[in-house]
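Observations on the model geometry
Chain residues, written in single-letter form:
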Protein chains: 2
Amino acid sequence: MSEDSNRSSHQKVSFAAPRGFGTTLKSDLKETFFPDDPLKRLENVKALGKVKKALEYFVPIFEWLPKYNFRTLRYDLLAGLTITSLAIPQGISYAKLAQIPPIIGLYSSFVPPLIYAVLGDSKYLAVGNVAACSLLICQQIGEVVSPKNDPTLYLHLVFTATFVTGVMQTLMGVLRLGILVDFLSHSTIIGFMGGTAIIICLQQLKGILGLQNFTTKTDVVAVLISVFEHKKEWHWQSAVAGIVFLIFLQITKFIKDKKPKLFWVSAMSPLVVVVVGCVYAYFGHADKHGIPIVGDLEKGINPLSIHYLTFDKRYFPAALKAGCITGLIALAEGIAVGRSFAIMRNEQVDGNKEMIAYGIMNIMGSFTSCYLTTGPFSKTAVNYSAGAKTAMSNAVMSLFMVLVLLLMAPLFSYTPLVALSAIIVSAMLGLIKYEEAFELFKVDKFDFCVCMTAFIGVVFLSMKMGLILSVGLSLVRALLYVARPGTCKLGKLPDSVLYRDLEQYPDGTKHSGILVLQIGSPIYYANGNYVRERIWRWIRDEQSSTADSEGDVEHVLLELSGVITIDMAGIETLSEINKTLSGKGIKLGLINPRIKVMEKMTASHFLDKIGKENVFLSIDEAIETCRFSLQLSRERNDSLPQHSGDAV
Amino acid sequence: MSEDSNRSSHQKVSFAAPRGFGTTLKSDLKETFFPDDPLKRLENVKALGKVKKALEYFVPIFEWLPKYNFRTLRYDLLAGLTITSLAIPQGISYAKLAQIPPIIGLYSSFVPPLIYAVLGDSKYLAVGNVAACSLLICQQIGEVVSPKNDPTLYLHLVFTATFVTGVMQTLMGVLRLGILVDFLSHSTIIGFMGGTAIIICLQQLKGILGLQNFTTKTDVVAVLISVFEHKKEWHWQSAVAGIVFLIFLQITKFIKDKKPKLFWVSAMSPLVVVVVGCVYAYFGHADKHGIPIVGDLEKGINPLSIHYLTFDKRYFPAALKAGCITGLIALAEGIAVGRSFAIMRNEQVDGNKEMIAYGIMNIMGSFTSCYLTTGPFSKTAVNYSAGAKTAMSNAVMSLFMVLVLLLMAPLFSYTPLVALSAIIVSAMLGLIKYEEAFELFKVDKFDFCVCMTAFIGVVFLSMKMGLILSVGLSLVRALLYVARPGTCKLGKLPDSVLYRDLEQYPDGTKHSGILVLQIGSPIYYANGNYVRERIWRWIRDEQSSTADSEGDVEHVLLELSGVITIDMAGIETLSEINKTLSGKGIKLGLINPRIKVMEKMTASHFLDKIGKENVFLSIDEAIETCRFSLQLSRERNDSLPQHSGDAV
């Protein structure tokens, strides 16, 4: 830029007066809660149009239903049928996992999908229960009420927790608090899911070995001990059946991986396992040979459960905790799933809309004997590969589910528990993402630690602890960033006009006596001391690296283009630096302060302290100015050489 | 830069292979814990020199004592005498505040200052007790042991807490954990100190009104209630004396503010008050007229107290908590004070060295009947204005204190409590920093909230709660920054070559079809969604702002100079953006990724996805390239105009 500096110096730094508090607050709030600016669409539209637009925005079905045609319906029908076949076994299994009546699992695939079809923003998401949350609910509520001794109260608390989840998710959507979900990092989710998969698999040893008594704890050690404590309860028949089922399921998965076109093979396989299991159990009287079955599943659709919600202060806290934790995890998983499938088709999903959809669907669910539902990955993947085109596939699923509930529910009462266990295990095995963890290890060791913390925490302590530890670790990383923003020394690249990090571009050159430092963002209370210390070190290193007094640093230029914001402590840091530097006969210059920084510098009168003439728009402009004053000081130095001493 | 772009394009982007894990880890750890690079001084020095240098570094007295001469001693003697005169009344008062025998306050001005003189890094810091911590200790330990019912155990726990503080501070210094203190923001301290001052003043109503029974609570409401409950205990004599003393003290302060040269007037005044009080009490038998006095103060120097340290598991936790909290506050105050006075003389203070000094001084203190000491502002200010030149003034103070302890301690046993109360109140009134709070309000509303949270929390809830809430709020701010890094649209400034934020420099111009966005740092898991949403919004706004298809965005350039680091989620965000953009026929270009970003992009093969040809070293280079491909696409557009449609 050097030869342009005279031109660029025409361009003055903008010392505009700080914007009003209202303005800044408004823009900050907008950045924080409305980064996607949802109301934009409503601008320059007539009143009626506004209403229509708004309705389309808040209730997506109004957006796509009008354009809906039978060609798309064909696809959605097929997809709906496929996910129903998955929903039946999964529903029963996960309900068992949550230690609630299996029929609840089927109920949960009727109402919530219907609501999601109306409100949901994702085209490919398939609504259903998830294993991790089912187990977590069971753990949390099991702490206050035992599902064995008081199943009714326990069930009511599960409904209450679902209600809490729904309210929380709706509120988060309305208050645009997606930001909270953002802090649940992907690395955490990977580790958490992996760990959960492991402990859930171990839990299934109960079903596979046909045990009667089993620990309620989930950590590996406790589970294994309890398995071997009840050696004499093991039933080889059950075990054999379980292993056969498992092998069958894994083979179908293998087929799908080899030939993606045959995805339906693995999609149908759980249902096949259930049916085979039922037939075998019915004719072989399996329950007499130590292979317990699910038992009573009545006909009929969801009974109302709104009057079961209990806010008794003895139990509600547990439901509240359970609802919030599972709600957050469900959101994190559901939104991530919806988003990742949308991206495959270059589409977008509005996180906040999704949250509201999930919320209302769970509230309604808790009124109609359903428990926590979200968008599970496996089901959504099937829905997607089955060719679903819109949320209609969810509506289709719930219609099929009604038929199942009305006509054939009792048939499934013969399902052997071992079949369910096999289904769960094979589903869980898919959730352990070795390669993703390895990718983390390769690219970002810290992310890997976060992931492993969640994994190990879940496996050896408890799901909650694993989650908390891992989230805490990610927070520490975020705070560490704020506490230690990177600074670097800039040099001019040969035969070019660019100033770049000398560590990255070692062939850069420096002007003797001028030190250009790029400061990282932000300059906050947490890093004021660091920034000061670090700048000192740069200066010391510079001094020591240049033997002759010519090399004494006389100008320090701070490149602030990257500094987006600064707080009061940051301003104080800058003025301390300025004071101490001038004490050592070094001049401080600031380059291109951003708007927020400039505003604070003006408001705090730091700008007057340092002098507007020492604020530059570009590095080159600054360098030019410094060079000039350097020549003067050099001449001074020759007259009074002892000066160079106290610049150290 | 435009006409240089052909030249600057000679300069290639550095695609150097990622540095080894060891290297990066080492540099990260160094940045985190050794920003000041303390071992630098030991480089290229001979073995013996190394030892000497190291000794000088770790034990500052070795650095300044050799150069010490009698001229400086004169100053330090005077300063030492002055702060002693302050140390006696303050020691007794604050000991009373902590509800421990007043003599402990005098002891605390003997051993700790001596140790600080050897290890301390600040020249002007004067060691002593602080009111806030005294009260906080009393609160924390009072929770488990009542100072009234079991004074001995209570005292031993105070020693134990002091020991804990010492150990914690030493460890923090050795482990270079100054970073923890950094998170105690200045705004928090202002608010905390202000609030503490208020409640301490209210506490003094007990002494001034000569009450016998008083609440142990500290919040305003409880204190006022208890004051008016005991109306009949009020003693007008005591009140009158208190008000007289207070007026006297405030007048001396006023004199100091008017004529800084007369600082010694206010420095001596507390001692005057005490002496006057003693004389009056001795001859006027004040205790018979409802003016209680301090009572027994034996001759003799500090007895050993190391055998009193109690680690009984019933009481230790309380001591541990008290020690840690007070220790952190003491550090924050002491280091801040030392630093601010050093800056007045363009000198530096090494925070980590200070921590070790404080730590050892408190450990030794706890062995010799002293309680928590640090560098109080008031005392240090006096020391500074009394002309102290080195830490020697602390040594002088402790020598004078020995004389006091050996010869005249008993005389002070006649000190009326009301005199102490007056001294405390007038000291506290100086700690309420209205103007600083107002400055915060003007410059940074959020900092002001943090400050007020601490203040109100302390005044109406409890000191601990106020501290916790305020620190929590500052952490939220730090996290919000990471979750919402600023992004902005860049434009080229007229008759210049600089690209700057269009909000700040509205007269900047854009190339139609090319959108240049500057992304804030870091790109982390917590802001991935935000960054994606935000970039979308920029594109949408751009599209809508330009009516004609000419304006369709075909190139999005992300200026990454400010992005210092990125994590796995950030990389995924970038590749999602890339994928979706290309789906819409928009090309993505990256400008000047920094070294850490480049490394992660390489390791994750994102670089291969986006293609090295789309990574540029300067905005100009990128613009040039885009312009060229734009011309091509324009020609294409003319041939197939419907293309411009799907770029929306």
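The rules behind the values
- Residues numbered from 1 in each chain as written.
- Chains lettered and ligands numbered in written order.
- Predicted model: local features only at pLDDT ≥ 70, side-chain atom pairs only at ≥ 80, totals over all residues.
- Heavy atoms only, no water.
- 1 Å grid on protein atoms, 1.4 Å probe; cavity = no way out; pocket = protein on both sides within 12 Å on 5 of 7 lines; lining within 4 Å.
- Points joined across faces, edges and corners; volume = space filled by probe spheres on them.
- Helix = DSSP H or I, 4+ residues; strand = E, 2+ residues; numbered from the N terminus.
- Nonpolar A, V, L, I, M, F, W, Y, C, P; charged D, E, K, R; others polar.
- Domains from an automatic or database assignment.
- Salt bridge = Lys/Arg side-chain N within 4 Å of Asp/Glu carboxyl O.
- Buried < 20%, exposed > 50% of the residue type's maximum accessible area, 1.4 Å probe, protein only.
- Pairing = 2+ DSSP bridges.

As annotated in an unreviewed UniProt entry, chain A carries the name STAS domain-containing protein and comes from Rubus argutus.

Further remarks concern empty space enclosed by the protein. Enumeration over the complete set of coordinates arrives at seven cavities of 30 Å³ or more. Considering only enclosed or pocket space, the largest cavity measures out at about 500 Å³ in volume. In terms of lining, the largest cavity is formed by 33 residues, of which the most central are A:Arg500, A:Glu559, B:Arg500, B:Glu559 and B:Ser561. Contributions of two or more residues to the lining of the largest cavity are made by strand S2 (499-501) of chain A together with strand S2 (499-501) of chain B. Considered class by class, the residues forming the lining of the largest cavity number 13 nonpolar, twelve polar and eight charged.

This part is about the domain arrangement of chain A. Split into domains, chain A comes out as domain 1 (70-479) and domain 2 (484-633). Here the C-alpha centre of domain 2 of chain A lies 55 Å away from the C-alpha centre of domain 1 of chain A.

Attention now goes to the pattern of salt bridges. Inspection of every chain in the model, using the stated rule, returns 28 salt bridges over all chains. In this structure, the salt-bridge partner of A:Arg477 is B:Asp567, at a minimum N-O distance of 3.9 Å. With A:Arg477 in helix H22 (residues 463-483) and B:Asp567 in the loop between strand S4 (555-559) and helix H24 (568-583), this residue pair bridges two chains. Owing to a relative accessible area of 9%, A:Arg477 belongs among the buried residues under this scheme. A salt bridge links A:Lys600 to B:Asp444; the shortest N-O distance between them is 3.8 Å. Taken as a pair, A:Lys600 in helix H25 (residues 595-603) and B:Asp444 in the loop between helix H20 (434-443) and helix H21 (445-461) lie in two separate chains rather than in one. On the basis of relative accessibility, which here comes to 14%, the residue A:Lys600 falls in the buried class. Salt bridges linked by common partners bring A:Asp444, A:Asp447, A:Arg477, B:Asp567 and B:Lys600 together as one network.

Residues and elements named next belong to chain A. Buried residues dominate strand S3 (residues 514-519), accounting for six of its six residues. Here S3 shows two buried faces, one formed by Ile514, Val516 and Gln518 and the other by Leu515, Leu517 and Ile519. Across three bridges, strand S1 (residues 487-492) lies against S3 in antiparallel orientation. Along S3, the bridge assignment pairs Lys489 with Leu517. In terms of strand pairing, S3 meets strand S4 (residues 555-559) through five bridges, oriented parallel.

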